[in-house]
Amino acid sequence: MTKKITVLGSTNIDRVVSVPRFAQSGETLHTDSHLTNAMGGKGLNQGVAVARSGVQTNMITKVGREFNIAENMAVKNLLTDHVMFSETEETGQAYITVSEETGDNMIYIYGGANADLTVSDVNDHKDAIIESEFVVAQLEIPIAAVIAAFKIAHENGVKTILNPAPMPETGGLPEELLELTDVIAPNEHETFLLTGVAITDEESLLRNAVYYFQRGIDTVIITLGSQGAFYMRDNGETKLVPIFKTTAVDTTAAGDTFIGAMATRLNKDLSNLEDAMVYGSAASSVTVSRPGAQPSIPFENEVLAILAAHADVI
């Protein structure tokens, strides 16, 4: 069977403005950048990352009636048969400010049609999940929909990857969702919100991993920005995968690229996790070196070129 991955998640229209630096409260700054529009959303970003690395991608998402699928999702290997239209909401919106000084971003999300994605919608498109090796999900859509998708996945031998972003500021995540997750991939802030253990050293990373193991998750990946990405499996296997250094222009979609690209290289038994993460790290290094969300996500040949250039140190 040709490998196929299903991505369940959000689709947003990104409204992006570049500023010299982030303003202080009450401060006004001038910018030479006009507001630009681009496609984004954590779900679509991850779907594009999968598709551009050469793997067929079922995209389960919901958009407004005004959305042009043919124009906005024209990506090779990105299958749009499972894109739904909301009868009541417009397409989700993201308002993104990017600092020219650091490449960091600040993002504000209006859910729109993403918030209208229901359990019934997921069940209606369960065939997309069943025919896949992995289903990847994030939290810019209702958690109930993610739980429904992961139930279908587990009932049919499909591996689940959860990117718990954005994390609720309080209340954590339902135990049911964690129990249905095979691989969890938060960043250091998201894992702190969930576990209450701040990432400060190796011991705190291990304590975070144990929290997830105790809830039935086999594999934990914690992204650490410029420090790379830590992983640990419940069999004791662990490592820190370094980043590929580059000049950061815009960090938008960097984490999404890492997760989507990694999934394309991952064996279903997760036996090659480190190699898959190295591929994801190389892909992410391209994303941060270019502006925008979806426009910055690399193609497979670009990632392979980076890996070849660093073959002596990988």
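Since we're looking at a predicted model, the values are computed, not measured.

Asks: Could you give an account of the environment of Thr28, with specific residues and numbers?
Replies: With respect to the secondary-structure elements, Thr28 resides in the loop between β2 (12–19) and β3 (36–40). Judged by its relative accessible area of 71%, Thr28 is exposed. Residues Thr28 and Thr247, spaced 219 residues apart in sequence, show a C-alpha to C-alpha distance of 27 Å.

Asks: How would you sum up the UniProt feature "domain: Carbohydrate kinase PfkB" (unreviewed entry) in the chain? Please name residues and give values.
Replies: The feature "domain: Carbohydrate kinase PfkB" (unreviewed entry), as annotated in UniProt, sits at residues 3–298 in this numbering. Strand forms 23% of residues 3–298 and helix 31%; the C-alpha atoms that close the span are 19 Å apart.

Asks: Give a description of the pairing of strand β9 (residues 134–137) that names residues and reports values.
Replies: Along β9, one buried face is formed by Phe134 and Val136 and the opposite face, lined by Val135 and Ala137, is buried too. As defined by bridge partners, strand β1 (residues 4–8) adjoins β9 across 4 bridges and the pair is classed as parallel. Each bridged residue has a counterpart across the sheet, and for Val7 the counterpart in β9 is Val136. Two strands pair when backbone bridges link them, and β9 and strand β10 (residues 159–162) are joined in this way by 4 bridges, in the parallel orientation. From the neighbouring strand, Val135 faces β10, where its bridge partner is Thr160.

Asks: Run through the packing of aromatic side chains, naming residues and quoting values.
Replies: Remark: the centre distance and the inter-plane angle together describe each pair of aromatic rings, the angle taken between the planes. This model, assessed by the stated rule, comprises 1 aromatic pair. Residue placement shows Arg215 over the ring face of Tyr211; its charged tip is 3.7 Å from the ring centre. Directly above the aromatic system of Tyr279 lies the positively charged group of Arg265, at a separation of 4.1 Å from the ring centroid.

Asks: If you had to explain the pairing of strand β8 (residues 105–110) to someone new, which residues and values would you point to?
Replies: Of the pairings in the sheet, the one linking strand β7 (residues 92–99) to β8 comprises 6 bridges and is antiparallel in character. Note that in β8 the partner of Gln93 across the bridge is Tyr110. Taking the residues between adjacent antiparallel strands as the criterion, β7 and β8 are bridged by 5 residues, where Gly103 takes a positive phi near 85 degrees.

Asks: Please give an account of the nonpolar core that cites residues and values.
Replies: For soluble globular proteins, nonpolar side chains are generally found buried alongside one another. Counting 47 residues, the largest nonpolar core has Ile5, Leu78, Ile161, Ile221 and Met277 as the members making the most contacts within it. In terms of residue count, the dominant contributor to this core is helix α10 (residues 273–288) (8 residues). Each residue touching Met277, except ones within four places of it in the same chain, is listed here: Ile221, Ala229, Phe230, Tyr231, Val241, Phe258 and Met262. Counting residues in hydrophobic clusters, the runner-up holds 38 residues, among them Ile141, Ala149, Phe150 and Phe230.

Asks: Give a description of the packing of helix α1 (residues 42–52) against helix α9 (residues 254–265) that names residues and reports values.
Replies: Contact pair α1 / α9: the axes reach a minimum separation of 7 Å and the direction vectors enclose 40 degrees. Here α1 is positioned oblique relative to α9, judged by the angle of their axes. Crossing handedness for the pair α1 and α9: right-handed. Residues Lys42, Asn45, Gln46, Ala49 and Val50 of α1 form the contact with α9, whose own contacting residues are Asp256, Thr257, Ile259, Gly260, Ala261 and Thr264. In the contact of α1 with α9, the residues fall into 4 nonpolar, 5 polar and 2 charged.

Here is what the cut-offs are and how they apply
- Residues numbered from 1 in each chain as written.
- Predicted model: local features only at pLDDT ≥ 70, side-chain atom pairs only at ≥ 80, totals over all residues.
- Heavy atoms only, no water.
- Helix = DSSP H or I, 4+ residues; strand = E, 2+ residues; numbered from the N terminus.
- Buried < 20%, exposed > 50% of the residue type's maximum accessible area, 1.4 Å probe, protein only.
- UniProt positions renumbered as here; feature names shortened; annotations may be inferred.
- Pairing = 2+ DSSP bridges.
- Phe/Tyr/Trp six-rings, centres within 6.5 Å; stacked < 30°, edge-to-face > 60°.
- Lys NZ or Arg CZ within 6 Å of the ring centre and 35° of its normal.
- Core = buried A, V, L, I, M, F, W, Y, C linked by side-chain atoms within 4.5 Å.
- Contact = heavy atoms within 4.5 Å.
- Axes fitted to C-alpha atoms, helices over the stretch in contact; angles between N-to-C directions.
- Parallel < 35°, antiparallel > 145°, perpendicular 65-115°, else oblique.
- Left-handed = near helix turned anticlockwise from the far one by under 90°.
- Nonpolar A, V, L, I, M, F, W, Y, C, P; charged D, E, K, R; others polar.

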